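# Observations on chain architecture
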Amino acid sequence: MRRYLLRKLLVYGLTFFVAVTVNWMIPRFMPGDPVSSMIARASVAQPEAVEAMRAHYNSLFGFDRPVFEQYVNFWIALLRGDLGISIWLFPTPVWDVIVRAVPYTIALLLPAILLSWIAGNWFGAFAARRRWLDNTMLPVGYILTATPYMWLAILMAWGLGVVAGIFPVAGGYSFELQPSWSWEFIGDLALHWFLPFASLFIVAFGGWAIGMRNMIIYELEADYANYLAALGAPARLIRRYAFRNAMLPQITGLALQLGTLVAGALVTEVVFSYPGLGHLILKAIQNQDFFLLQGTFLFIVIGVLIANFLIDIVYTVVDPRTRMGLGGAA
Amino acid sequence: MTLRVTDLKVYYKTLRGEVKALDGVTFELGDAEILGLAGESGCGKSTLGKALIRMDGRMRLRGGGVELDGERLPIDDDAAMNRYRYHRISLIPQYSMSALNPTRRIGRMIRELVESRGVRYADVEEELLRRLKLVGLDPDVLSRYPIELSGGMKQRTVMVISTLLNPSLLIADEVTSALDVSTQKAVAKALAGFRDRGFVKSMIFVTHDISLTYQIADTIMVMYAGKLVEKASASAIVSKPRHPYTQALINSLPEVGVRYTDRRLSGIPGAPPSLLKPPAGCRFRDRCPKAFARCAAEEPPVTEVASGHFVACWKG
Ligand SMILES: Nc1ncnc2c1ncn2[C@@H]1O[C@H](COP(=O)(O)OP(=O)(O)O)[C@@H](O)[C@H]1O
Ligand code: SF4
Ligand SMILES: [Mg+2]
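Below is a summary of the structure that appears in this document. (Residues numbered from 1 in each chain as written. Chains lettered and ligands numbered in written order. Predicted model: local features only at pLDDT ≥ 70, side-chain atom pairs only at ≥ 80, totals over all residues. Heavy atoms only, no water.)

### Section: the overall build of chain B
Looking only at helices and strands, one finds 10 helices and 12 strands in chain B. Taken over the C-alpha trace, chain B has a radius of gyration of 20 Å; the compact-globule value for 316 residues is 20 Å, and the two agree within 12%. The buried share of chain B, reckoned over its 316 residues, is 53%. The long-range share in chain B, meaning contacts at least 24 apart out of those at least 6 apart in sequence, stands at 65%. A total of about 13000 Å² of accessible surface is found on chain B, and carbon and sulfur atoms cover 48% of it. (Helix = DSSP H or I, 4+ residues; strand = E, 2+ residues; numbered from the N terminus. Rg over C-alpha atoms; globule rule 2.2 N^0.38 Å. Buried < 20%, exposed > 50% of the residue type's maximum accessible area, 1.4 Å probe, protein only. Contact = heavy atoms within 4.5 Å. Areas by Shrake-Rupley, 256 points an atom, 1.4 Å probe, with all protein chains shown as cover.)

### Concerning the site of ligand 1
Residues and elements named next belong to chain B. In the region of ligand 1, 14 residues are neighbours, and Gly42, Gly44, Lys45, Ser46 and Thr47 sit closest. In this structure, an oxygen atom belonging to ligand 1 sits 3.3 Å away from a main-chain N or O atom of Cys43. Gly44 has a polar backbone atom sitting 3.1 Å from an oxygen atom of ligand 1. Protein coverage of the free-state accessible area of ligand 1, which is 560 Å², stands at 71%. At the level of secondary structure, the elements contributing two or more residues to the shell around ligand 1 comprise strand E1 (3-14), strand E2 (17-29) and helix H1 (45-53). The residue makeup of the shell around ligand 1, split by class, is 5 nonpolar, 6 polar and 3 charged. (Near = heavy atom within 4 Å. Polar contact = N/O pair within 3.5 Å; in protein donor to acceptor, adjacent residues only side chain to side chain. Nonpolar A, V, L, I, M, F, W, Y, C, P; charged D, E, K, R; others polar.)

### Let's talk about unusual backbone geometry
All names here are of chain B. Although it is not a glycine, Asn166 adopts a positive phi angle of roughly 50°. Summarising the element assignment, Asn166 is placed in the loop between helix H5 (151-163) and strand E7 (169-173). The phi dihedral of Glu174 is positive, around 50°, even though this residue is not glycine.

By themselves, these are just geometric observations and shouldn't be taken as functional.
If you want it as structure tokens, here you go:
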């Protein structure tokens with residue numbers, strides 16, 4: 001078990017290293033030059049002033065150093081939590097910009113992932129036992145999982161926001177309010193949060209419910225279930241075993257789906273102009289703010305890696321087979 | 001008499017009609033008797049075994065009945081049948097390797113199983129440990145997960161679990177098929193030992209391997225295409241078989257005691273008839289070297305040609 005976790009940790013470390021390196025390379029080797037774009041925005045006419053500004057920005061961002069030194073410095077800065085300075089919101093540090101956006105993304109993602117997973121599993125297991133429910137759930141569930149996050153988000157923004165006017169369709173809270181701990185503000189936050197959350201939740205829910213339903217049916221036909229039934233064990237006991245065993249692939253599924261869910265959340269934020277990381281990515285691209293883009297990606301990668309690692313730990317706790325250091329059947 | 005099966009007909013419901021997998025089988029099983037059930041793959045052995053403990057969703061009782069210890073069994077009533085399961089009739093499945101829940105420690109699974117059947121675990125624990133020891137298992141298998149056990153250990157664990165409540169009838173369906181030859185013998189011997197010690201009153205030992213059956217069975221029943229063709233003491237079946245099919249089975253063995261692995265009959269070409277619409281007359285006649293006109297017209301009845309020796313053949 002310890003060896004298993006150590007091996008996992010090594011894989012995660014390696015992934016992190018590669019992710020950081022790729023992340024570092026992207027702005028440096030991609031077409032487009034952030035410094036030029038900043039100078040262009042400043043609309044300075046005199047060539048000397050332009051050159052002076054270029055030299056200033058280059059040394060500020062470290063572009064005048066040899067590539068290898070830039071790379072090492074990038075790591076050092078990163079470990080210090082220094083992700084550079086945002087060009088879009090110059091001169092705010094990228095770190096500060098991200099830290100302001102992260103709570104919004106987490107507030108969307110965490111409940112959407114956890115609640116859809118719990119509710120989906122529960123509902124899938126429940127539906128597997130009732131034919132009529134199963135017959136209606138199956139097509140609905142398949143349609144839901146096949147729906148791209150963006151479609152549903154747009155559909156809901158249009159239907160419940162624009163047409164019905166129940167929910168606001170943009171922003172994290174109303175412009176006329178100042179952030180505070182008043183009920184009014186919190187209620188406003190919740191109102192803005194609901195649609196992006198719901199569109200994420202619904203798509204993911206369909207997927208988990210279908211997955212659980214299929215797994216339960218598979219488990220109920222497994223040999224151990226037949227053996228118990230032949231010995232007259234009550235359906236309650238057999239279903240309990242089946243549910244627990246069906247849970248295992250769902251936990252793996254959670255780890256596998258995490259990336260998709262995060263991507264879904266980012267797109268959803270864009271649709272609803274929700275001020276989280278997805279929104280930052282859009283802004284960073286629009287403003288050629290490579291540092292912000294880099295920092296945001298890095299944050300997302302780290303977040304996904306940590307979440308994956310947590311799921312791995314949970315999995316080793318619930319599945320004895322991984323603890324034995326074996327993958328499948330002996 | 002532990003078990004009395006009378007003209008039992010169990011068919012499978014399919015889209016193309018009913019498969020007459022068990023088409024009027026009559027036999028008795030005495031106290032302390034081990035009945036070896038033999039016959040080619042597809043002749044209805046598992047159907048008989050399942051009918052006696054738990055019919056699957058497609059099986060339909062189409063006639064006849066079963067009596068256990070003088071009591072009629074509601075074999076086609078899944079709920080009513082439940083009280084007989086495990087307590088009175090038990091099963092060692094063919095799939096012993098995967099019969100245990102992979103995510104429960106074995107001891108806990110046994111506890112949950114027996115308690116769900118109204119038996120206090122504390123009341124059987126001592127006996128459980130004793131029997132595990134008897135089959136050569138350490139008590140600590142109870143704190144292990146199935147994946148930590150070898151195939152042979154799992155097999156023995158399942159044997160102990162299945163017989164823990166001392167059932168009147170134990171059905172062992174192809175329990176040895178997945179094992180190597182030496183383990184097969186050991187498992188067969190252990191099962192006979194269970195009977196000798198009274199853990200089970202009587203047993204139906206299903207296998208397509210007649211030479212293995214011969215080692216532990218008191219009587220052997222041979223089936224063909226859903227019918228009983230011959231039933232007699234193990235020695236009579238092997239030394240003086242009367243039915244042409246049994247004779248072919250015995251002749252296809254290089255010598256008694258050597259296992260034959262070929263499921264098809266090497267001696268006789270052809271295949272058993274479809275059980276969707278079985279032909280009239282003797283079901284074996286297409287492959288029978290002794291067939292004559294009457295075999296096509298009339299079905300041979302099961303007759304007792306010598307004491308305890310039953311044959312269904314016009315020339316038997
Ligand atoms: N679920 C089923 N549906 C339809 N036919 C079946 C089913 N199970 C078995 N059969 C048929 O019933 C016959 C007897 O099968 P079975 O009892 O499993 O044979 P055996 O155990 O002797 O190999 C075979 O012809 C088989 O094709
Ligand atoms: S009844 Fe006829 S066909 Fe059938 S086994 Fe006997 S001789 Fe052969
Ligand atoms: Mg079979």
